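Single-letter residue listing:
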Amino acid sequence: VKQVAYYKGCLASLSAKELDIATQALAPKVGLELIELEAVTCCGAGDIHEAEPDYYLHLNARILAYAEATGADTLMTICNVCTLNLRQADFTLKGDPALLERVNANLAAVGAPRYSGGVEVLHFLWLIAAGEGFELLQQAAHRGLKGLRIAPFYGCQILRPSKLLGFDDPDRPDSLERIIAACGGEAIDYPAKIKCCGFPIIQAREDVALAELVQPIEQAKEAGADAMVTPCPLCHLSLDAWQSKLRKQTGRDFQMPILHLSQLVGVAAGLADSELRFKRHVVSVAPVTEKLAV
Amino acid sequence: MGLMRHGKVPSPFPQHVAKHVGEARALYDIVKHRGEAGAAGIVQAERPLSRIEHAEGASEAAERGPYGPGSFPEPYLPGEKEATQ
């Protein structure tokens, strides 16, 4: 069993609690012991990074410091945006000792632990898509997806910039496909699986955001997907909750079920309905559960 | 729900507040004082100066003396050598 510090981020604490619940239930089955970080804040998403870059660095350094204080060498995330923010801050701090010292002095001044660079930030997807995690996943997914056709949707911030992320090929990722296949499903290939879901610009340019969003859903539908899966709760929110907006704008009702990664693997691993919490989704997951007779 | 939206009744859902959130708030104040927007930035002006140096040619500026040709006239200090014009 590998101990990891677990940072669930804001969405899995609030509107996407089902992601946190499914992840916590699934973790022991894939050889992970989660040490949940409670005294941490939001990573700042893209907003604080833009508006207050120095505070963004301090906020993320504080999260990294608390992760390091658990004694684990891995900080596990379940959100693309958290992964990018934390890895970017980690990269910056490790590459600049003077900056790290200044940030540590400020952390010490408010009573937070210091960060010495002893943590690697890894997304849950990466932990189960390769190595020992993948082997345990194959064993855990005994119930299988019974040939269900799943369209993987990566989102952008787990792929790009690849210098900071670097797990998948940003143009031809395959980790989700490997997981879908290991769970007994059939992965659907389609061009928009690596595109942005439109979340970051929904407030400023809703029309542009919806034009981004319609592409993966439409392509997955046309390719015959039963459902889509994503490793990011922000992408999930866009894909799941805004299908009603798409219906109003395009007149098309896709009714495409969207699953979190932990839920998809959780179904294959035989998690109970109370651990999957499909009832919290906006678009019904019933077509998927009926096919699998969950 | 309508009343809640208008702030007339408290939310029935408990607010999510991170443990030790005061620490993160204090960090904001301290960053404002000591960070790039404070002592490490405006007062010492390391970042703006580095940009200016980069734009004007840092090595040339560093090699040139602060006084004399191309720089300020050397100040007159009584008891020392005569000031240059």
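Q: Before we go on, may I ask you to explain helix H9 (residues 206-222) of chain A in this structure?
A: Because an α-helix packs 3.6 residues into every turn, residues spaced three or four apart end up facing the same way. All names here are of chain A. Its 17 residues place the ends of H9 24 Å apart at the C-alpha level, agreeing with the 24 Å of an ideal helix rising 1.5 Å per residue. Here H9 has its buried residues at Ala209, Leu210, Leu213, Val214, Pro216, Ile217 and Ala220. As for H9, its buried residues are in contact with strand S5 (149-152), strand S7 (227-230), helix H10 (233-241) and helix H11 (243-250). Directly beyond the C-terminal end of H9, a positive phi value near 90° is found at Gly224.

Q: Before we go on, may I ask you to explain the pattern of salt bridges in this structure?
A: Residue and element names in this part refer to chain A. Evaluation of the coordinates by the stated rule reveals 19 salt bridges over all chains. Between Lys94 and Asp90 there is a salt bridge whose closest N-O contact spans 2.8 Å. Separated by four residues within a single helix, Lys94 and Asp90 lie in helix H4 (residues 80-94), roughly one turn from each other. Owing to a relative accessible area of 43%, Lys94 belongs among the partly exposed residues under this scheme.

Q: Explain unusual backbone geometry to me, please; I cannot follow it from the model alone.
A: In most cases, non-glycine residues show a negative phi, while peptide bonds are predominantly trans. Residue and element names in this part refer to chain A. Cis rather than trans, the peptide bond between Arg160 and Pro161 has omega equal to 0°. Tracing the sequence through the fold places Pro161 in the loop between S5 and helix H8 (175-182). Although it is not a glycine, Arg277 adopts a positive phi angle of roughly 55°. Examined against the element boundaries, Arg277 turns out to sit in the loop between helix H13 (273-276) and helix H14 (286-292).

Q: Looking at this structure, I do not really get the state of the cysteines. What am I missing?
A: In protein chemistry, a disulfide is the covalent bond that joins the sulfur atoms of two cysteines. Residues and elements named next belong to chain A. Using the criterion set out here, one finds zero disulfides over all chains in the structure. Summary of cysteine pairing: Cys43 is not part of a disulfide, and the nearest cysteine sulfur, belonging to Cys82, is at 4.0 Å. For Cys235, which is in no disulfide, the shortest distance to another cysteine sulfur is to Cys232 and amounts to 3.9 Å. You can call Cys235 buried: its relative accessible area is 5%.

Q: Looking at this structure, I do not really get the layout of surface pockets. What am I missing?
A: Empty space among the atoms becomes visible once a probe the size of a water molecule is rolled across them. By volume, the largest pocket is sized at about 580 Å³. Forming the boundary of the largest pocket are 30 residues, of which Ala45(A), Gly46(A), Val81(A), Gln157(A) and Leu234(A) lie nearest the centre. Sorting the residues of the lining of the largest pocket by element identifies helix H2 (47-51), H4 and H10 of chain A as the ones contributing at least two each. The element contributing the most residues to the lining of the largest pocket is H4(A), with six residues. Residues of the lining of the largest pocket, tallied by class, amount to 20 nonpolar, eight polar and two charged. Considering only enclosed or pocket space, the second largest pocket measures out at about 470 Å³ in volume. If you trace the second largest pocket, you find 21 residues lining it, with Val40(A), Thr41(A), Cys42(A), His16(B) and Ala18(B) closest to the centre.

Rules behind the numbers
Residues numbered from 1 in each chain as written. Chains lettered and ligands numbered in written order. Predicted model: local features only at pLDDT ≥ 70, side-chain atom pairs only at ≥ 80, totals over all residues. Heavy atoms only, no water. Helix = DSSP H or I, 4+ residues; strand = E, 2+ residues; numbered from the N terminus. Expected span 1.5 Å × (residues − 1). Buried < 20%, exposed > 50% of the residue type's maximum accessible area, 1.4 Å probe, protein only. Contact = heavy atoms within 4.5 Å. Salt bridge = Lys/Arg side-chain N within 4 Å of Asp/Glu carboxyl O. Disulfide = S-S within 2.5 Å. 1 Å grid on protein atoms, 1.4 Å probe; cavity = no way out; pocket = protein on both sides within 12 Å on 5 of 7 lines; lining within 4 Å. Points joined across faces, edges and corners; volume = space filled by probe spheres on them. Nonpolar A, V, L, I, M, F, W, Y, C, P; charged D, E, K, R; others polar.

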